[in-house]
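# An overview of the molecular structure
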Amino acid sequence: MSDYWWVQLRPQGLYYARRPPTGEVPLEEGECAAWESLPLPAGARLLLCVPGVKVRIHSVSIPTRNRRRFLSALPFALEDKLFRAPETYHFVPLSRPAGAAGTPVAVVEHDQLTDWTRAAAARGLQLETLTPDYLLLPEPAPGTWLLDVLEKPYLLRFPAPHGGASLSEHPGATPPGGLQLALDHAPVAPTRLQVRVRDREQRAQVENWREGLAAHDLELECEQASISRPAWLARQTPPPATVNLLTGRYRPGRDHLSQARRFMPALGLAAALLLVLSAQWFVDYFRLHAEHERLHRAIEQTYRQAFPEARHLVNPRHQMQQWLQGEGRPTAVRQAQGIDVLAWLERLAPALGNRAGVRLAALDFDGRQLALDLALPDFETLEALQEQLAGVDLKPEVVNAELKDGKVVSRLRLAPKP
């Protein structure tokens, strides 16, 4: 993960801090008057801390575990707690604390949420998280409430994962009314109230609350702050995704262009590598193809030298292999006699193949004559075969013919006509 920017909206302007992926100390921080003067680069990842007075959290008990039904029932369950019509609000269910009776739901007006998101978009920022300021306070230990009174409004944080409130009362010698109300309605009463004060004067003022808090049997503890509230909040651990108000139609879309820019160097290297591999593949392919053609031509030339009378050349390598295995030394014999055995076989094929029951048992060529061992159905077929072969410029001669097992077995010798 890269650096992100933490920005808090305050009445007097904006407080910003650039946070590293790890660590608490910002790399840089400062204040500005408005969004236009915010010194953030375009496309920067943004965590926006908004005023808690604009976001209220209510506990809702709806007897269903179906999220869609829960969301549809929320406006009716909270109708009596809203100042305006339910459709003017955006509802964000938060995760329910263990053992809690209800589900906490953050409620914020659509108009307000739209203003915040548009302001960030107008500056070209990548708004990823939006959460109220009181939920950025560190979660106190069980039984303890944390109250920050450094500036108005006060920020109150409960130990529940999503408990908190913004108290807009003016500071005084008595406890804030919002704090009293929260204590009166707390499902589990705290035993300690930890208050973060600005200076000794404010500490003395808070000490005067003891009498007003006596009914709640609270241990009051004051802690004097060393840095301002915005700087302190900017150093806290980023909130979990469950407290992000950007849900539903406000869910942040990914900036594909900025995402692509981050991967451009790697994509460039990958493209260059792919180009080099493709070029190498094409070079190897054409080299192998040329070598294959050269060898094929060499084989064809060798075959024609060995068999100059051959007219049909389909697979020179296979044809040469067959002739070498069947004839031993065909080249010298065929060149000496001037006999084209392939032409003979072309003439024999129709005569043998068109007669039913004729089977070629063996074939022998001695350089001058071609001997065929045949099995025929009868002597008439043998005579007809002789007549047919005599008509294709061959001189057939029956060496022997005898009847065996109902078949005529004959040896037929062929020679060229003079």
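Structure: above.
Residues numbered from 1 in each chain as written. Predicted model: local features only at pLDDT ≥ 70, side-chain atom pairs only at ≥ 80, totals over all residues. Heavy atoms only, no water.

### Quick word on the nonpolar core
Rule in force here: What is meant by a nonpolar core is a set of buried Ala, Val, Leu, Ile, Met, Phe, Trp, Tyr and Cys residues, joined one to another through side-chain atoms within 4.5 Å. Burial here depends on accessible area, computed with a 1.4 Å probe over protein chains only, as a share of the maximum for the residue type. Under 20% is buried, over 50% is exposed, and the range in between is partly exposed. Counting from the N terminus, the helices are the DSSP runs of H or I reaching at least four residues and the strands are the DSSP runs of E reaching at least two.
Counting 45 residues, the largest nonpolar core has Trp-35, Leu-38, Leu-46, Leu-48, Trp-116 and Leu-130 as the members making the most contacts within it. Of all elements in the fold, only strand E1 (4-10), strand E2 (13-19), strand E4 (45-50), strand E7 (103-109), helix H2 (110-122), strand E8 (126-132) and helix H5 (229-234) reach the threshold of two or more residues within this core. Val-149, Ala-182, Ala-186 and Leu-213 belong to the second-largest nonpolar core, a separate cluster that totals 20 residues.

### Concerning unusual backbone geometry
The omega angle of the peptide bond from Lys-152 to Pro-153 is -5°, so this bond is cis rather than trans. For Asp-217, which is not glycine, the phi dihedral falls at a positive 50°. Within the fold, Asp-217 resides in the loop between helix H4 (200-207) and strand E13 (219-224). A residue is classified by how much of its surface remains accessible, and Asp-217, at 66% relative accessible area, is exposed. Positive phi, normally seen in glycine, also occurs at Asp-405, with a value near 55°. Take Asp-405: it is sitting in the loop between strand E16 (394-404) and strand E17 (407-416). Taking relative accessible area as the criterion, Asp-405 reaches 82% and is therefore assigned exposed.

### Details of the packing of aromatic side chains
Formally: Only the six-membered ring of Trp is used, alongside the rings of Phe and Tyr, when aromatic pairs are assigned; centres must lie within 6.5 Å, and planes under 30 degrees apart are stacked while those over 60 apart are edge-to-face, with the rest tilted.
Inspection of the entire model under this criterion finds six aromatic pairs. Considering the side-chain rings of Trp-145 and Phe-158, the 4.5 Å spacing of their centres and the 40° angle between planes classify their relative orientation as tilted. With Trp-145 in strand E9 (residues 144-148) and Phe-158 in the loop between strand E10 (154-157) and strand E11 (164-167), the pair connects residues that are 13 residues apart, well separated along the chain. Comparing Trp-145 with Phe-158 shows no difference in burial state: the two are buried.

### Examining the sheet that holds E17
What counts here: Here a strand pair is declared whenever DSSP counts at least two bridges between the two strands. Think of each axis as a best-fit line through the C-alpha atoms, taken over the contacting stretch in the case of a helix, with angles from 0 to 180 degrees between the N-to-C directions. Contacts are assigned to residue pairs with any non-hydrogen atoms lying within 4.5 Å of each other.
Spatially, E14-E15-E17-E16 is the arrangement adopted by the four strands of the open sheet, whose pairing is antiparallel. Strands at the two margins of the open sheet, each flanked by one partner only, are strand E14 (359-365) and E16. Geometrically, the sheet is characterised by an average inter-axis angle of 15° between neighbouring strands, direction not taken into account. Pairing geometry for E14 and strand E15 (residues 370-376), over six bridges, is antiparallel. By the bridge assignment, Ala-362 is partnered in E15 with Asp-373. Taken strand by strand, helix H9 (residues 341-353) contacts E14, E15, E16 and E17, and its axis lies near 15° from that of E15.

### Here's the deal with the side chain of Arg-229
What counts here: Pairs of N or O atoms within 3.5 Å make up the polar contacts considered here, provided that, within protein, one atom can donate a hydrogen while the other can accept it, and that residues adjacent in sequence are counted only when both atoms are side-chain atoms.
Mapped onto the secondary structure, Arg-229 falls in helix H5. Overall, the relative accessible area of 2% leaves Arg-229 in the buried class. Engagement of the side chain of Arg-229 in a polar contact is seen with the backbone oxygen of Glu-151, the distance being 2.8 Å. With residues up to four places along the chain from it excluded, the contact list for Arg-229 reads Asp-148, Val-149, Leu-150, Glu-151, Pro-153, Tyr-154, Leu-155 and Arg-196.

### What about the environment of Arg-229?
Remark: the alpha-carbon pair of Arg-229 and Arg-198, spanning 31 residues in sequence, is separated by 9.3 Å. A polar atom in the side chain of Arg-229 sits 2.8 Å from the side chain of Asp-148.

### Topic: helix H10 (residues 379-390)
As a reminder, the rule being used: Each residue after the first adds 1.5 Å to the expected span of a helix. The arc refers to the directions leading from the helix axis to the C-beta atoms.
With twelve residues, H10 should reach 16 Å at 1.5 Å per residue; the first-to-last C-alpha distance of 17 Å fits that figure. All buried positions along H10 are accounted for by Thr-381, Leu-382, Leu-385 and Leu-389. When H10 is viewed along its axis, its buried side chains cluster within an angular range of 100° and face the same direction. Turned more than 90 degrees from where H10 packs its buried face, Glu-380 and Glu-387 sit exposed.

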